[in-house]
Amino acid sequence: MSGYEASATARVVVGVSGSLGSVTALRRATALARRLGAELWPVLAWEPPGGDPAAHRSPAAGLLVEEWQRLARQRLASVLDEIFGEDGPGTAMHAVIVRGTPGRVLVATADREDDLLVVGAGRRGLQRAFSGRVSRHCLTHAVCPVLAVPPSPLESDLVTVHRRNAWHLRMDTRGL
């Protein structure tokens, strides 16, 4: 990152879904946008449940699309409000909601060579084979630099707690 100067990056585009990985990426992207004097572009990609073919088969497709779009807008606003609160990100921000698959939407949004695309790197361990598709797509197809942010160390602890709760296992409190 030391090769970047404030005028070199016009936009820092970041994928936001509300997941822990995307929140970690959003925080990193915000810090980078402030430091580089760039605009922050949080992007939420959405698709109709069942994909586009299912949406086209519905007789009320137009009404449903509007509702799904409203829900996507509401989810992005909720995430941004939770992370930034009333103070905002401390840099110019342009939030975007786009219909499509996340990887393709992010690559299409970060379409300038002087953009910086920030994505969550996905999970670690055995589950990585089924996650991280968005980050891999972005790393492969983007025309700009891509920063893949590793998951928060707390994410694996949270997954462990959820797993223990699902299996109704006792917590080991000796370390507390």
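Details of the structure are given in the entry above.
Here the structure is a predicted model, which means the values were calculated and not measured.

A.B. asks: Even after reading the chapter, I still don't get the overall build of the chain, so can you show me in this structure?
C.D. replies: Each helix and strand in the chain was counted, giving six helices and five strands. Expressed as a percentage of its 176 residues, the buried residues of the chain come to 36%. Restricting the contact set of the chain to residue pairs at least 6 apart, pairs at least 24 apart contribute 77%.

A.B. asks: What is the right way to read the pattern of salt bridges from this model?
C.D. replies: As a working rule, side chains carrying opposite charge can pair if their charged atoms are close by. Enumeration according to the criterion identifies three salt bridges in this entry. Put simply, Arg11 and Asp115 hold a salt bridge, and the shortest N to O gap is 2.5 Å. Placement of the pair is Arg11 in strand S1 (residues 11-15) and Asp115 in the loop between helix H4 (102-109) and strand S4 (116-120), with a sequence separation of 104 residues. A residue is classified by how much of its surface remains accessible, and Arg11, at 5% relative accessible area, is buried. With a relative accessible area of 0%, Asp115 lands in the buried category. One continuous salt-bridge network, built from bridges that share partners, spans Arg11, Asp111 and Asp115.

A.B. asks: Would you mind showing me how to read the pairing of S4 here?
C.D. replies: Successive side chains on a regular strand alternate, one facing one side of the sheet and the next facing the other. Among the five residues in S4, four count as buried, and that is most of the element. Bridge count between S1 and S4: three bridges; the pairing is parallel. Bridging across to S4, Val12 finds its partner in Leu116. One ladder, built from four bridges, connects S4 with strand S5 (residues 146-149); its direction is parallel. Within the sheet, the bridge partner assigned to Leu117 lies in S5 and is Val146.

A.B. asks: In this structure, what is going on with the side chain of Arg11? I would like to understand it.
C.D. replies: Reaching out from Arg11, the side chain makes a polar contact with the side chain of Asp111 at a distance of 3.1 Å. For Arg11, the residues in contact, after removing those within four places along its chain, are Ala38, Glu39, Trp41, Thr109, Ala110, Asp111, Arg112, Asp114, Asp115 and Leu116.

A.B. asks: Whenever I open this one, the environment of Asp115 confuses me. Can you help?
C.D. replies: Residues Asp115 and Cys144, 29 residues apart in the sequence, show an inter-C-alpha distance of 5.7 Å. Here the side chain of Asp115 touches Arg11 through a polar contact of 2.5 Å, side chain to side chain.

A.B. asks: I keep staring at the packing of aromatic side chains and nothing clicks. Help me out?
C.D. replies: What describes a pair of aromatic rings is the distance from one ring centre to the other and the angle between the planes of the rings. Counted by the stated rule, this structure contains zero aromatic pairs. For Arg11, the ring lying beneath its charged end belongs to Trp41, and the centroid distance is 4.4 Å.

A.B. asks: Any chance you could explain the packing of H4 against helix H5 (residues 133-141) here in plain terms?
C.D. replies: The description of two helices packed together rests on the angle between their axes and the distance between the axes. Viewed as axis vectors pointing N to C, H4 and H5 meet at an angle of 35°, and their least axial separation amounts to 8 Å. Viewed along their axes, H4 and H5 form a crossing whose handedness is right-handed. Residue-level inspection shows Pro102, Gly103, Arg104, Leu106 and Val107 of H4 in contact with H5, the latter providing Val134, His137, Cys138 and His141.

Scoring rules and cut-offs
- Residues numbered from 1 in each chain as written.
- Predicted model: local features only at pLDDT ≥ 70, side-chain atom pairs only at ≥ 80, totals over all residues.
- Heavy atoms only, no water.
- Helix = DSSP H or I, 4+ residues; strand = E, 2+ residues; numbered from the N terminus.
- Buried < 20%, exposed > 50% of the residue type's maximum accessible area, 1.4 Å probe, protein only.
- Contact = heavy atoms within 4.5 Å.
- Salt bridge = Lys/Arg side-chain N within 4 Å of Asp/Glu carboxyl O.
- Pairing = 2+ DSSP bridges.
- Polar contact = N/O pair within 3.5 Å; in protein donor to acceptor, adjacent residues only side chain to side chain.
- Phe/Tyr/Trp six-rings, centres within 6.5 Å; stacked < 30°, edge-to-face > 60°.
- Lys NZ or Arg CZ within 6 Å of the ring centre and 35° of its normal.
- Axes fitted to C-alpha atoms, helices over the stretch in contact; angles between N-to-C directions.
- Left-handed = near helix turned anticlockwise from the far one by under 90°.

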